[in-house]
Amino acid sequence: MINGISQVSSERLHLTELQVNDYNFIFELVDSPGWLNFIGDRNVKSATDALAYIEKIIANPDVQYWTVRLKGDGTPIGIITLIKRQYLDHYDIGFAFLEAYTGKGYAAEATLAVVHELPHRLLSEKILAITTEANLRSIKLLEELNFIFEKTIEVDNKILRQYALNADQIQIDKMTQAFFALFTNIAEAPQFDRINELCHQQAQIVKKTVDGAEIYDLKSFIEPRKKILTDGTLTGFSECEVKAETRITGNIAQRFSRYEKSGRLQGSEYRGSGNKMLQFMKQQGKWQIIQVIWEDNA
């Protein structure tokens, strides 16, 4: 095992380290058209071959696979891989899903779940991803995940596109996700105190209103939200980022986010959406949020 992470969970998915009893699923996956076209024939022609293939993966200290399952019924739908390849300077993350489960956001969700759990020693600079020039779906997904195209490389007479996600981007992604999660009270009480870890002590939070703006410090922002999220006023609430763009320049960064939120407000269904802009500053190797500005859609 490369990093000691045997299992990871996300909103819809549960990832577990690849096991020998996954052989039927692996046989189906590596024999699928998408795998054969874009990854290649691994000469797995039977369930017995699939078992041997898994055993080889598990025995390799430079390779780790996770089986991705739906949380509801445990159906295996794809894999996430982490590999230290001899021809790459950094670890390479990959993904492959059964055709029936593509186009639903599962690959992005599972990839981010793994990236956000990787230890710092693997993310000291960047993490890589490679794909063929013909795999347009993979290229689109990497770009959506903020991987940046670096160069083309030739491996075994095949031209591959190399992408990278730098450590600063990963940290900012994780912090943004954690900021949105501060107010989720679906499964457990929100961890409001985390705002002090994520934000600079003098951070400013601003709500754009019709008539102007409401401006908060951390305490005045969190207290009224803590009340309605714990006294039964707003239940089953979650807020999540649905689209984002991050710009990093030196030790400062800015993230533009579109979000959606839902819950039950005083017993009635509540839904909303809007835009947020988060500004970050890096000090002594650590990023912190220094300002958040948001506007709910009318």
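What you see is a predicted model, and the numbers here were worked out from it, not measured in a lab.

A. Quick look at the pairing of strand β14 (residues 286–296). Where strand β9 (residues 199–208) lies against β14, five bridges are found, and the strand directions are parallel. Each bridged residue has a counterpart across the sheet, and for C199 the counterpart in β14 is I289. Pairing of strand β13 (residues 268–283) with β14, which is carried by ten bridges, proceeds in the antiparallel orientation. Each bridged residue has a counterpart across the sheet, and for M277 the counterpart in β14 is I293. In textbook terms, the turn of a hairpin is the stretch between consecutive antiparallel strands, and for β13 and β14 this stretch comprises two residues, one of which, Q284, has a positive phi near 50 degrees.

B. Expanded view of helix α5 (residues 136–144). Taken residue by residue, α5 has S138, I139, L141 and L142 as its buried positions. Along the axis of α5, the buried positions cluster into a sector of 165 degrees, meaning they face one direction only. Every exposed residue of α5 that faces more than 90 degrees away from the buried side is listed here: L136, R137, K140 and E144. Two residues or fewer after α5 comes N146, characterised by a positive phi angle close to 75 degrees.

C. The side chain of T246, seen in detail. Take T246: it is sitting in strand β11 (residues 234–249). At 3.4 Å, the side chain of T246 and the side chain of Q169 are in polar contact. A distance of 2.8 Å separates a polar atom in the side chain of T246 from a polar atom in the side chain of R255.

D. Molecular detail of unusual backbone geometry. We note that D156 has phi near 50 degrees; this positive angle belongs to a residue other than glycine. Summarising the element assignment, D156 is placed in the loop between β7 (148–155) and β8 (158–166). On the basis of relative accessible area, D156 is assigned to the exposed category, the value being 73%.

E. Quick peek at the pairing of strand β5 (residues 92–97). Burial of β5 is extensive: six of the six residues sit out of reach of the surface. Side chains of β5 alternate between two faces, with D92, G94 and A96 and I93, F95 and F97 buried alike. Direction of pairing for strand β4 (residues 76–83) relative to β5: antiparallel, over a ladder of six bridges. Paired with T81 across the strands is G94, a residue of β5.

About the criteria used
- Residues numbered from 1 in each chain as written.
- Predicted model: local features only at pLDDT ≥ 70, side-chain atom pairs only at ≥ 80, totals over all residues.
- Heavy atoms only, no water.
- Pairing = 2+ DSSP bridges.
- Helix = DSSP H or I, 4+ residues; strand = E, 2+ residues; numbered from the N terminus.
- Buried < 20%, exposed > 50% of the residue type's maximum accessible area, 1.4 Å probe, protein only.
- Arc of directions from axis to C-beta.
- Polar contact = N/O pair within 3.5 Å; in protein donor to acceptor, adjacent residues only side chain to side chain.

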